[in-house]
Every structure is written in C-alpha cells, then in structure tokens.
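# A structural walkthrough
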Amino acid sequence: MAFSLPRFVSRGAEAELIPQGRLSGPMPWVIAIMVALTVIAAAAGLAFSNTARSASDALTGGITVQIVNANPVERDRQAQAALRSLRATPGVVEATLVSQAEIDRLIEPWLGAPTAEGAIPVPALIDARLRDPVSGEMLGQLRRTLRDVAPAARVDAQSTWLKPVFSAIGTMRWLSIALVGVLAFALAAAVLLAVRTALGTNRETIEIVHLLGGTDRQIARVFQRAIGFDAAGGGAIGLALGLVVVLLLGKQFGGLGAGLVSSGALGWLDWILLALIPVVGVGLAMFTARQTVIRALKKML
Amino acid sequence: MSNAAEGEIVQFDNVGLRYGTDREVLSNVSFTLFPGGFYFLTGASGAGKTSLLKLLYLAQRPSRGAIRMFGSDAITLPRERLPALRRRIGVVFQEFRLVSHLSAFDNVALPLRVAGVAEREITKPVADMLEWVGLADRMHALPAQLSGGEQQRVAIARAVIHRPEMLVADEPTGNVDPDMAVKLLRLFEALNRLGTTVVVATHDVHLLKRVPDSLIMRLDKGRLSDPTGALRYPPRVPRPKGEAR
C-alpha cells in the first residue's frame, strides 16, 4: 500500500472530527481583546514614530539666533546685521527674521498681550535653515561669524531644545513595540492553553484516529483550522474595536491643534499595517496551535 | 530474519510486555501469522489477550523481543511510518471506542476519510456496510443513542469498511445476540476468503467451532500455548490456512 500524503478530503469531515464547540469557548473573545489592544498599541507606536520623524525632518537643519539686547534700536540693528551675515554664509540655505507680531503671538500665553508702554524687552529671533544637519563645528563657526556683527547673538540648534521630547517620544515608541510583543506572546500563550485543554478533552478521539491510521498532521490540521476560525472571528472584532478607539483618540488629539501632536497622524500605510494585525494574529494562533498539537502528539505512539 | 517463513504477515519473536514496573503481562510470546489465516486468540480474563492485540494493532510497543509486521520491523519503525501500517489493519475494540460526537455513518466512514478517500466514494460503501450489519435505519444516530449491540456492529463495520489486510477483533461478539454473532462471524469469514487475515480474541468456545479452518492461540498468564503447534516461531514449516487442524 503506497503511503500518500494523508489528508481529509472533505473539509467538512475534517472539521467534524473535533467538535468546534469544545475548542472555541471564550477563545474568540480572548483573541478579540488581544487584537484590539495590539491595534491600539501599534497605532500609538506608529503615531510616535511619525511624530519623531516629522519633528526630526523639520529640526535637523534648523538653528535659532536670538539677539538679546534690551535696547530696541540696537537689537534691530544687530538683528539685521546678523541676518545679512547669515544669508552670506555658505551652507545657510534660508534665514528669516521672525516678525514682532509672530513673537508677540508666541509669548502671549505666558506674558499676556503686549502693551505699547513699558513692554518687556524680548529678544529678536532669526529662524535659519542649514543645508546639512547641524553639527557642533558648524554652530561654533556661526557663533564666531556673528560675534563681530552682532555681539548680542546667541546661536542654538533647534533640535537641542527638543532633545528631551525626542527622548520621551523614543521611549514611548519602544514601549509600544514592547507592548505589541507582549500581547503577541500572551496570544500565543492563550492559544497554547486552549489547545492543550482541547487535546486533553479530545484525547480519546485523537487516539482512535491515530489507531485508524490518522497522522499527526491530519490531527494538527483539525486544531489549526478550528483555532484559525476562532482567531479570524476574534481578530475581526478586535480590529473593529481597536480602530474605533484609535479614531476616537486621533480625533481628541487632533483637537489639541498642537503641531507636534498633529504631525503624528497616521498615514494610509499605517492603516494598512493596523489592518494586517489580525491577519498576523491568525497566523500566529494557527502556528502555535499546530506546534502545540504536533509536540503533544509526538508523546503518543 | 533468515529463518523466517516466506510471506508471513506478522511475526512475534520472544516478545515481552510490561506496564511500568509491574510484572510482565506477556512473556516470551513467539508466533507467526500468515496472510489469509483465520486465528482465534483465547484465554481466561486477564490472560493478556487485549495486551497482545494492542501489540498487533500497534497501539503499544513491547518491552522486549522483536515484532515484524507486513515486512517491517515494528519496533524500530519511525513513528511517522506507523499510520501507513495501521491503515492496513482493521480493529474492533473491546469497548467499541466509537467517536461519541459522530453519527454511526461518520464513525464507519472515518477510516476512509483518514485514508483520503473522496467523499463521493464514501457514501455508498458506508451505507451498504451499515445496511449489512442491520443499521441502515440508524446511520444518523449518535453512539449514545445506540444499544450496546448496535454500537458493536458499528465498530465492526468501521473496522472492515476499508478492506484491511488484517482484522483484529477483541471479543467482537460479546454484546450481540447469537444470530448476529453468527452473522458477524460470516462477515469475518467472507473477508478472510477475500484474503484478509483475521485475528479474533474470544472466550466463547462455541465460536471456535464455527470456523473450521481457523487456528487457535491460547494465552495463559501471559504465555502463549500453541495446541496445534502451527503458530510456533520459528515455524517448522510454513503453514497455509487450514493445514493445522
């Protein structure tokens, strides 16, 4: 008798071998919760990544020059001189003097609306952009150049100010990735427990199928399929739940109107990645089920 | 196996079996089964009949000794190759071992499905087989809805549906009325005439007399006595069916 790759021809017959009810139980709901949490964690991770990337792109070549002088006439003179000097410096692709109106708007939340009389002296600001990322050497060179024409100038890289923010964003992003990993592990553990329980419950049936010539692969496929159906159902529910939460959170954060927050908005590629989470979940659940069953069956003759 | 007879289907050589650290339930069991033979395995309760059958249908590996089945060494055979051997054997378990959530039809169809037979080629043979064992009108019943005798007939139908090369039956007539017992025995004989080697464990001495060409193996406290001398291993001469009696 030739040994052919064994299979159950009828998918229906295969599914019947282990009653679906004995395998599923709360499994779809566990998977739904895991997938929902994973979608939220992954969305957070992607948003943090987008924020970091966007801010980094914007700030990498940016410098700010402050002219700190209480005398408004002298401040304006030095600001104009510094602006001319910057525009003439090789490597500086753009230099703009921030208007007084813009400065007033920026400091208004802290100092209130400016008044004509007795206004608090505020430094003049020049926003400049370099061709290359800002280096310490470049900053030093610019300081030396500006010292002669604008002694009151203070030159800083914009990225330096936001370093702690970048650091926090990076930590949050890694935390999200770790959370996705932990949830994947928890999903695999839940599937493992469910399959082990189902193996115990269906031990008699499995022994009979073995004695009738059934192979480990055939039996594993039955469990794999059952878990696959559970995971697909749970994954769809979990994805829907997760997306609702992500959309609500997105709406709330979007309402803040802060530049850094809005730069974390998810792109179409991010949404596709989120939609793939249940697919990966189904794959992970089926793989775990198969490995668990094969390993358990190897202990039987 | 230089001294093995040509064409044997099963060969036990000095086989011993113990469960855990208990004493051996089978000791120094040696015999040969030939293709097309009809064998009865008798012995008192606890003599080791079921244990010997478990070795025959590859549910158990022996503690010692050598077993060859269908030309393969069943002791060293890789686990992955056991299913192929098992598909050549039909088993009627003493306690039936029907799959409780499957109907009589699906239980009988199980060996065919396991072997990958197309669904369209399953329906008729299974229905015919169930009709033959008198369960045509019960094919959709679950095992729990069947009487002991009906369950036993389903178990027998399941064991023979795929025309195995060897049929191993553990007390197959224990739960059926005498008429059905005779009918089932006739089925076994019919299969045997078609070339299936049949091994029936029974303590029903009346059954032994109903198959004139059968050979008898008697187990006594885990040791095989061979009243006819026909089963001894190494065999003195290859004995085709019926020659021993």
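Residues numbered from 1 in each chain as written. Chains lettered and ligands numbered in written order. Predicted model: local features only at pLDDT ≥ 70, side-chain atom pairs only at ≥ 80, totals over all residues.

Looking now at the overall build of chain B. Across its full length, chain B holds seven helices and ten strands. Here chain B, with 245 residues, has 48% of them falling under the buried criterion. Within chain B, contacts between residues at least 6 apart in sequence are counted, and of these 69% link residues at least 24 apart. (Helix = DSSP H or I, 4+ residues; strand = E, 2+ residues; numbered from the N terminus. Buried ≥ 20, exposed ≤ 12 C-beta atoms within 10 Å, placed from the backbone. Contact = placed C-beta atoms within 7 Å.)

Moving on to the overall build of chain A. Scanning chain A for helices and strands turns up twelve helices and four strands. Burial analysis of chain A (301 residues in total) assigns 35% to the buried set.

With 86% of its residues at a pLDDT of 70 or more, chain A shows a mean pLDDT of 82. Under a pLDDT of 50 for its full length, residues 1–12 of chain A has, in the predicted model, 23 contacts with residues more than four places off or in other chains. (pLDDT = per-residue confidence, 0-100.)

Take the packing of helix H3 (residues 104–114) of chain B against helix H4 (residues 123–132) of chain B next. All names here are of chain B. Following both chains from N to C, one finds H3 and H4 inclined at 120 degrees, their axes separated by 10 Å at the closest point. The angle between H3 and H4 falls in the class oblique. With respect to the hand of their crossing, H3 and H4 are arranged in right-handed fashion. Here H3 contributes Ala-104, Phe-105, Val-108 and Ala-109 to the contact with H4, which in turn contributes Val-126, Met-129 and Leu-130. Its residues assigned to classes, the contact of H3 with H4 shows seven nonpolar, no polar and no charged. (Axes fitted to C-alpha atoms, helices over the stretch in contact; angles between N-to-C directions. Parallel < 35°, antiparallel > 145°, perpendicular 65-115°, else oblique. Left-handed = near helix turned anticlockwise from the far one by under 90°. Nonpolar A, V, L, I, M, F, W, Y, C, P; charged D, E, K, R; others polar.)

Let us now look at the sheet that holds strand E5 (residues 72–73) of chain B. Residues and elements named next belong to chain B. Taken together, four strands build an open sheet; the order of strands is E2-E1-E4-E5 and the sheet is antiparallel. A strand with exactly one partner marks an edge of an open sheet, and here the two such strands are strand E2 (24–33) and E5. Across five bridges, the pairing between strand E1 (residues 10–18) and strand E4 (residues 64–69) is antiparallel. Each residue of the ladder has a partner; that of Gly-16, found in E4, is Arg-64. (Pairing = 2+ DSSP bridges.)

Residue and element names in this part refer to chain B. Counted residue by residue, strand E3 (residues 38–42) has four buried out of five residues, so it is predominantly covered. In terms of strand pairing, E3 meets strand E8 (residues 197–201) through four bridges, oriented parallel. The partner of Leu-41 across the bridge, within E8, is Ala-201. Pairing of E3 with strand E9 (residues 215–220) involves four bridges; the strand directions are parallel. Paired with Phe-40 across the bridge in E9 is Ile-216.

Our focus in this paragraph is the environment of Ala-198 of chain A. Secondary-structure assignment places Ala-198 of chain A in helix H8 (residues 163–201). C-alpha of Ala-198 of chain A to C-alpha of Val-293 of chain A: the two residues are 95 residues apart in sequence and 9.7 Å apart in space.

This paragraph deals with the pairing of E9 of chain B. All names here are of chain B. Of the two faces of E9, only the one carrying Leu-215, Met-217 and Leu-219 is buried; Ile-216, Arg-218 and Asp-220 on the other face are not. Judged from the three bridges that link them, E9 and strand E10 (residues 223–225) form a sheet pairing that is antiparallel. Each bridged residue has a counterpart across the sheet, and for Leu-219 the counterpart in E10 is Leu-224. Between E9 and E10, which pair antiparallel and follow one another directly, the connecting turn spans two residues, one of which, Lys-221, has a positive phi of 50 degrees.

This part is about the confidence of the model for chain B. All names here are of chain B. Overall, the prediction assigns chain B a mean pLDDT of 85, with 89% of residues at 70 or greater. For the stretch residues 1–5, pLDDT sits under 50, and the model shows six contacts to residues farther than four places along the chain or on other chains. With a pTM of 0.72, the predicted complex shows an ipTM of 0.85.

A separate point is the environment of Leu-284 of chain A. Mapping Leu-284 of chain A onto the fold places it in helix H12 (residues 268–297). Counting along the chain gives 100 residues from Leu-284 of chain A to Ala-184 of chain A, while the straight-line C-alpha distance between them is 8.0 Å.

Residues and elements named next belong to chain B. Strand order in the open sheet formed by six strands is E6-E7-E8-E3-E9-E10, with mixed pairing between adjacent strands. Of all the strands in the sheet, just strand E6 (89–92) and E10 have a single pairing partner and so form its edges. Going across the sheet, the axis of each strand differs from the next one's by a mean of 20 degrees, ignoring polarity. Along the sheet face, helix H1 (residues 49–56) touches E3, strand E7 (166–170), E8 and E9 and points at about 155 degrees away from the line of E7. Seen against the sheet, helix H6 (residues 178–193) touches E3, E7 and E8 and runs at an angle of roughly 150 degrees to E8.

Residue and element names in this part refer to chain B. Among the eight residues that make up H1, seven are buried, leaving the element largely enclosed by the rest of the structure. Every buried residue of H1 is listed here: Lys-49, Ser-51, Leu-52, Leu-53, Lys-54, Leu-55 and Leu-56. Leu-58 occupies a position one or two residues after H1 and carries a positive phi of about 60 degrees.

Time to look at the nonpolar core. Ranked by size, the top nonpolar core spans 127 residues in total, and within it Val-39 and Phe-223 of chain A together with Val-108, Leu-130, Val-168 and Val-199 of chain B carry the most contacts. Every residue in contact with Val-168 of chain B, bar those within four places of it in the chain, is listed here: Leu-53, Leu-56, Tyr-57, Ile-89, Val-91 and Val-199 of chain B. Grouped together as the second largest cluster of nonpolar side chains are 20 residues, Ile-63, Ala-124, Leu-146 and Ala-150 of chain A included. (Core = buried A, V, L, I, M, F, W, Y, C linked by C-beta atoms within 7 Å.)

This part takes up unusual backbone geometry. Residues and elements named next belong to chain B. Positive phi, close to 55 degrees, is recorded for Asn-14, a residue that is not glycine. Its place among the elements puts Asn-14 in strand E1. Assessed through the 13 C-beta atoms surrounding it within 10 Å, Asn-14 is described here as partly exposed. Positive phi values are uncommon outside glycine, yet Glu-171 reaches one of about 50 degrees. With respect to the element layout, Glu-171 can be found in the loop between E7 and H6. Overall, Glu-171 belongs to the buried group, with 20 C-beta atoms counted inside 10 Å.

Residue and element names in this part refer to chain B. Where H3 meets helix H5 (residues 148–160), the axes come as close as 7 Å, and the angle between the chain directions of the two elements is 25 degrees. By the angle between their directions, the pair H3 and H5 is classed as roughly parallel. Classified by chirality, the crossing of H5 by H3 is right-handed. Within the contact between the two elements, H3 uses Ala-104, Asn-107, Val-108, Leu-110 and Pro-111 and H5 uses Val-154, Ala-157 and Arg-158. Here the contact of H3 with H5 is composed, by residue class, of six nonpolar, one polar and one charged.

We now examine the environment of Pro-212 of chain B. Assignment of secondary structure puts Pro-212 of chain B in the loop between helix H7 (205–210) and E9. Its 10 C-beta neighbours within 10 Å are what place Pro-212 of chain B among the exposed residues.

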